[in-house]
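Okay, here's what each chain looks like letter by letter:
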Amino acid sequence: MIITLSSLKGGSGKSTLAIHLAHAIALSKRRVLLVDADPQGSAQGWSAAREEKPPFTVIGMARNTLHRDLPDIAKDYDHVVIDTPPRVSALARTAILAADLVLIPVQPSSYDVWAASETVILIDEAQGFKPDIKAAFIINRRIPNTVIGRDVEEALSEYDLPTLPQAIAQRVAFSESSSGHTVMEMSATSSASKEVLKFAKDILKLMEVKKW
Ligand SMILES: Nc1ncnc2c1ncn2[C@@H]1O[C@H](COP(=O)(O)OP(=O)(O)OP(=O)(O)O)[C@@H](O)[C@H]1O
Ligand SMILES: [Mg+2]
């Protein structure tokens with residue numbers, strides 16, 4: 001399966017979630033490839049900052065032909081995760097077209113909910129060429145027990161796309177992870193780790209269901 005993290009809103013959590021999703025899937029003994037399709041190179045930078053090899057393969061592939069090139073490269077892996085740039089661009093489009101599933105990280109703010117419409121339009125366009133592309137929102141940086149945390153789900157229900165049941169909370173551990181580790185490597189039993197593992201499990205389960 002090819003999972004693309006896409007959001008035209010900068011800083012919504014694409015790279016953070018792509019890295020954590022790749023690790024969570026790798027922990028279940030699957031071969032995972034993380035494709036960094038963002039010329040900013042966040043995922044590659046994360047990998048380079050590590051002393052030890054990452055628990056999944058990371059490659060930089062910021063090219064407009066991803067949807068044509070990737071199936072061949074993906075043959076050697078069970079799952080591919082793609083991190084994308086935050087702009088309407090040929091790169092954002094090719095990464096969506098390459099996907100079986102597009103995940104849109106949304107932070108709990110009205111600005112993010114409104115901005116999601118641009119990403120949804122890109123996905124709609126791609127579905128015109130490839131109707132079986134699935135898409136879902138993932139709430140990132142949720143602040144527990146706040147009204148805005150609950151309201152965002154309701155606001156997102158205006159779109160014709162599901163929201164994954166497991167949100168990712170705003171946690172220092174995620175900011176710290178950018179220096180080259182995942183929250184699972186910092187503490188396998190932390191709340192942050194449990195959220196990421198549940199998030200990955202929900203995705204794999206949902207994709208097994210034919211009609212979603
Ligand atoms: N759940 C979270 N809790 C705390 N910090 C977070 C969380 N998710 C992301 N961050 C932090 O927010 C910042 C932006 O995250 P990230 O780089 O993953 O977003 P992005 O969508 O990839 O950004 P860009 O659009 O620039 O590529 C980073 O500093 C990251 O560490
Ligand atoms: Mg990024």
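Note: the structure precedes this text.
Remember, it's a predicted structure, so these values are computed and weren't measured experimentally.

Draft legend 1. Fine view of the sheet that holds strand E3 (residues 57-60). Pairing in this open sheet of 7 strands is parallel, and the strands run E3-E2-E4-E1-E5-E6-E7 from one edge to the other. The open sheet terminates on both sides in strands that have one partner only, identified here as E3 and strand E7 (168-169). Summarising the sheet, strand E1 (residues 2-5) and strand E4 (residues 79-83) pair through 4 bridges and their orientation is parallel. Its bridge partner lying in E4, leucine 5 is registered against aspartate 83. Helix H3 (residues 66-74) rests against E1, strand E2 (32-36) and E4 of the sheet, and its axis sits at about 145 degrees to E4.

Draft legend 2. Structural context of the site of ligand 1. The local shell around ligand 1 holds 18 residues, among which Lys14, Ser15, Thr16, Arg141 and Ala169 are the closest. At 3.1 Å, a backbone N or O of serine 12 approaches an oxygen atom of ligand 1. Take threonine 16: an N or O atom from its side chain is 2.5 Å from an oxygen atom of ligand 1. Within the complex, 82% of the 630 Å² of free accessible area of ligand 1 lies under protein. Residue assignment for the shell around ligand 1 shows that the elements contributing at least two residues are helix H1 (14-27), strand E6 (134-142), E7 and helix H7 (172-177). With 3 residues, the single largest contributor to the shell around ligand 1 is H1. By residue class, the composition of the shell around ligand 1 is 4 nonpolar, 10 polar and 4 charged.

Draft legend 3. Looking closely at the nonpolar core. Leu21, Leu34, Phe56, Val81, Leu103, Phe199 and Ile203 are the most contacted members of the largest nonpolar core, which totals 31 residues. Contributing elements (two or more residues each) for this core: E1, H1, E2, helix H2 (42-48), strand E5 (101-106), E6, helix H8 (183-186) and helix H9 (191-208). The leading source of residues in this core is H1, at 8 residues. Not counting the four nearest positions on each side in its chain, leucine 103 is found in contact with Ile3, Thr4, Leu5, Ser6, Leu21, Ala136, Ile138, Leu164, Phe199 and Ile203. Among the nonpolar cores identified, the runner-up in size contains 22 residues, and Val102, Val152, Leu156 and Ala167 belong to it.

How each quantity is defined
- Residues numbered from 1 in each chain as written.
- Chains lettered and ligands numbered in written order.
- Predicted model: local features only at pLDDT ≥ 70, side-chain atom pairs only at ≥ 80, totals over all residues.
- Heavy atoms only, no water.
- Pairing = 2+ DSSP bridges.
- Helix = DSSP H or I, 4+ residues; strand = E, 2+ residues; numbered from the N terminus.
- Contact = heavy atoms within 4.5 Å.
- Axes fitted to C-alpha atoms, helices over the stretch in contact; angles between N-to-C directions.
- Near = heavy atom within 4 Å.
- Polar contact = N/O pair within 3.5 Å; in protein donor to acceptor, adjacent residues only side chain to side chain.
- Areas by Shrake-Rupley, 256 points an atom, 1.4 Å probe, with all protein chains shown as cover.
- Nonpolar A, V, L, I, M, F, W, Y, C, P; charged D, E, K, R; others polar.
- Core = buried A, V, L, I, M, F, W, Y, C linked by side-chain atoms within 4.5 Å.
- Buried < 20%, exposed > 50% of the residue type's maximum accessible area, 1.4 Å probe, protein only.

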